[in-house]
Amino acid sequence: PSKAPIEFRTEEQAKKFSNKQITSNCVSLGYTEEFMLTHFPGKTIQQALESVKADNPMMRMTDPLDIAYVTAFLASPISSCITGQKVGACYGLNI
């Protein structure tokens, strides 16, 4: 599925609700083990991991806990100045 509609909706919500001090952001995910199991059919986990490492600058897979940390940060008052953004929890996969 395309991420563009989600990113567009995030920006639109940020514009719409910013006057009420409500932020709207989205988290872009990296490869997780579950993704590897469903999107690399016919490959072993090790082969899929090597494919992921070849695409990822930091050569790491995203752990669900990584996603939780980014989401918790965005939901906290510490990130109150961040809105309308796509934040990557992907170890540089999007660069």
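Residues numbered from 1 in each chain as written. Predicted model: local features only at pLDDT ≥ 70, side-chain atom pairs only at ≥ 80, totals over all residues. Heavy atoms only, no water.

## What about the overall build of the protein chain?
Moving on, step 1. Secondary structure assignment for the protein chain yields four helices and two strands.
Moving on, step 2. Start at the N end of the protein chain and walk to the C end: the helices and strands fall as α-β-α-α-α-β.
Moving on, step 3. At 16 Å, the protein chain has a C-alpha radius of gyration far larger than the 12 Å of a compact globule built from 95 residues.
Moving on, step 4. Based on the C-alpha atoms only, the size of the protein chain along its principal axes is roughly 50 × 25 × 20 Å.
Moving on, step 5. Counting across all 95 residues of the protein chain, residues that qualify as buried make up 26%.
Moving on, step 6. Long-range contacts, defined as pairs at least 24 residues apart, comprise 68% of the intrachain contacts of the protein chain with a sequence gap of at least 6.
Moving on, step 7. Only carbon and sulfur atoms are counted for the fraction: they give 60% of the accessible area of the protein chain, which is about 6700 Å².
Moving on, step 8. For the protein chain, the separation between the mean place of its 9 positive charges and that of its 9 negative charges on side chains is 8 Å. (Helix = DSSP H or I, 4+ residues; strand = E, 2+ residues; numbered from the N terminus. Rg over C-alpha atoms; globule rule 2.2 N^0.38 Å. Buried < 20%, exposed > 50% of the residue type's maximum accessible area, 1.4 Å probe, protein only. Contact = heavy atoms within 4.5 Å. Areas by Shrake-Rupley, 256 points an atom, 1.4 Å probe, with all protein chains shown as cover. Lys, Arg positive; Asp, Glu negative; His and termini not counted. Charge placed at Lys NZ, Arg CZ, Asp CG, Glu CD.)

## Brief notes about unusual backbone geometry
Moving on, step 1. Residue M59 is not a glycine yet carries a positive backbone phi of 55 degrees.
Moving on, step 2. Among the structural elements, M59 can be located in the loop between α3 (45-55) and α4 (64-75).
Moving on, step 3. Residues other than glycine seldom take positive phi values, yet Y91 does so here, at roughly 55 degrees.
Moving on, step 4. Secondary-structure assignment places Y91 in the segment after β2 (86-89).

## Quick word on the pairing of strand β1 (residues 26-29)
Moving on, step 1. Taking every second residue as pointing to the same face, the buried face of β1 carries C26 and S28, while none of V27 and L29 on the other face is buried.
Moving on, step 2. With four bridges connecting them, β1 and β2 associate as parallel partners. Paired with C26 across the two strands is K86, which belongs to β2. (Pairing = 2+ DSSP bridges.)

Purely spatial values, then, with no claim about function.
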